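Geometric and topological summary
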Amino acid sequence: MAPERASAPAGQGADAGPRGASGLCANRNWQKLWLGQTVSQVGDYVFDVTVLLWVGTVLAKGRPWAPAAVSGVMLAAAVPTVLVGPLAGVFADRWNRKRTMMSADLIRAGVIGLLLLVPLCASAMPLWAQLAAVYTAVAGTSVVAQFFNPSRFATIGAVVAEEDRARAFSLSSASANTVSVIGPPLAAPLLFTVGEQWALLVNAVSFLLSYLCIRFTDIPAATADHNGRRGDFRAELAEGWSFIRRNNVLATVAVTVFLYLFGVGAVNVLEVFFVSENLRTDPSWLGTLNGALGAGMIVGALLMAQAARRLGERRLFGWGILATALLLFVYARSTSLLFSIGVLGLVGIPLGMVNAVLGPMLLNEIPNRLLGRVNSALNPLVYVASVSSMSLAGIVASDLGPDFAWSFAGLHFHRIDTIMTVSSFLMALAGAVAILRLRTGLRAAPGSEDPTAAGAGPDDA
């Protein structure tokens, strides 16, 4: 049984623009969505870093429980994704997606606006109340995002022609990576020079600007062909999970993403210790290393569309993960700061391609009526894998201790590079799973001359 395809009626609206290589240049609908996303991401990055710094260095400054208070912020953001995300996907498929996105932006702007009262009334509020307000605002905006994100994902599939999707996600991913590099450095100066209220204001305004971009986007009615449907909630929720299980590509993506992010999570939480223990340099260089990774991801995202045309989206997904794993293994063996900066820049290229190609892959497999549920079912895997990996890596690293060392085949390992090496093997396993399971029915991007792309999608059995 061949999988259902997501409909992509780009060109139906007045501003959709012509299809073809220049489709995105004339597609004003996509440009408005892309602009709104980029503006909102700038606000989000400033907000995320500001809240962590605000809680850790202002509200809980000098308290022995300050690290736990900062962890509480991250927990408040993660829990709604795992608990609310899959449920929200049902409503994202039921409701009008344009109205859902507009309402979500207005609600988030309002929540951040209310949070502005905390720094303004700090002298009259006990510390516990200030922390409770922060956690509530973070959790609230995270809950609303569970409705916004799948709606936006489905909308891209509606306003962008199928042959333009790879390039659309390539540019969106590149802009997101650029924001991730320049956004966080804006937060600390805002917090420590003009106060946290200005950083909060930036985020609130970014949601309002995103609202305006969506408000003036002409979204075809086909983005929500089941709007207003009121079926059995449990049956609709199960339908999304069932579709993932029966679809070879989606089931493979689910397994691969979990293994892949389980490895990535360990690297993220231990990298600061890698800098000090393995590279034997000041941890402040971590920002430079992350900048090199971000620069590589920007390059990879921009190259994704061309690479997908040559290799096919599925080949690029699997081989990109495998390349990332091999380069990460090289990084784990490094003892030179300059060499590590160069390797991380290279790691970012296939990593950026993988992140960017996942969107068009999913849109090609998921029918429009299930986009919200399937997308919301896959998203919690990111948090479950990452949080589990980070927790386990921290426990293992603590148990091994800083003096842990061993040798194999002339190679010398210590505690951090040992865990990072295991992580790279998990990521390599993820890449191998994707390569092997996605070999049948390989599908290149539209316009490719790849002879293997002639057939339809894989069998679903």
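Worth saying up front: this structure is predicted, and the values here are computed from it rather than measured.

Negative phi values dominate among residues other than glycine, just as trans dominates among peptide bonds. Its identity is not glycine, yet R280 carries a phi of approximately 50 degrees, on the positive side. With respect to the secondary-structure elements, R280 resides in the loop between α11 (248–277) and α12 (286–311). Exposure remark for R280: the relative accessible area of 69% places this residue in the exposed category.

It is worth spelling out the pairing of strand β1 (residues 405–408) at this point. Where β1 and strand β2 (residues 411–414) come together, four bridges link them in antiparallel fashion. Residue pairing for β2: A405 is matched across the bridge by H414.

Moving on, we get to helix α9 (residues 196–215). Taking 1.5 Å of rise per residue, 20 residues should cover 28 Å, and α9 covers 29 Å from first to last C-alpha, within 8% of that figure. Among the residues of α9, E196, A199, L200, N203, A204, S206, F207, S210, Y211, C213 and I214 are the ones counted as buried. Taken together, the buried residues of α9 touch α2 (28–59), α5 (97–115), α6 (117–120), α7 (127–159) and α8 (165–194).

This part takes up a nonpolar patch on the surface. Taken together, the side chains of L75, V79, V82, L83, F258, V382, Y383, V384 and V387 present a nonpolar region at the surface, about 690 Å² in accessible area. For the nonpolar patch, the elements supplying multiple residues, two or more each, are α3 (66–83) and α15 (371–400). By the element assignment, V382 lies in helix α15. Under the relative-accessibility criterion, V382 is labelled partly exposed at 33%.

Let us look at the packing of aromatic side chains. Summed over the entire model, instances satisfying the criterion amount to 10 aromatic pairs. Aromatic side chains F91 and W95 sit 5.1 Å apart centroid to centroid with 35 degrees between the ring planes, which places their arrangement in the tilted category. Ring geometry for F329 against F425: centres 6.1 Å apart, planes inclined by 35 degrees, an arrangement best described as tilted. Separated by 96 residues along the polypeptide, F329 in helix α13 (residues 313–332) and F425 in helix α16 (residues 415–437) bring together distant segments of the chain. F329 gets classed as partly exposed once you look at its relative accessible area, which sits at 27%. Judged by its relative accessible area of 53%, F425 falls in the exposed class. An aromatic cluster is built from F91, W95, F147 and F233, whose rings are joined through pairwise contacts. If you follow R108 out to its NZ or CZ, it ends over the ring of F148, 4.5 Å from the centre.

About the thresholds
- Residues numbered from 1 in each chain as written.
- Predicted model: local features only at pLDDT ≥ 70, side-chain atom pairs only at ≥ 80, totals over all residues.
- Heavy atoms only, no water.
- Helix = DSSP H or I, 4+ residues; strand = E, 2+ residues; numbered from the N terminus.
- Buried < 20%, exposed > 50% of the residue type's maximum accessible area, 1.4 Å probe, protein only.
- Pairing = 2+ DSSP bridges.
- Expected span 1.5 Å × (residues − 1).
- Contact = heavy atoms within 4.5 Å.
- Patch = residues over 30% accessible without salt bridge, like charges linked within 9 Å, V, L, I, M, F, W, Y side chains within 5 Å.
- Areas by Shrake-Rupley, 256 points an atom, 1.4 Å probe, with all protein chains shown as cover.
- Salt bridge = Lys/Arg side-chain N within 4 Å of Asp/Glu carboxyl O.
- Phe/Tyr/Trp six-rings, centres within 6.5 Å; stacked < 30°, edge-to-face > 60°.
- Lys NZ or Arg CZ within 6 Å of the ring centre and 35° of its normal.

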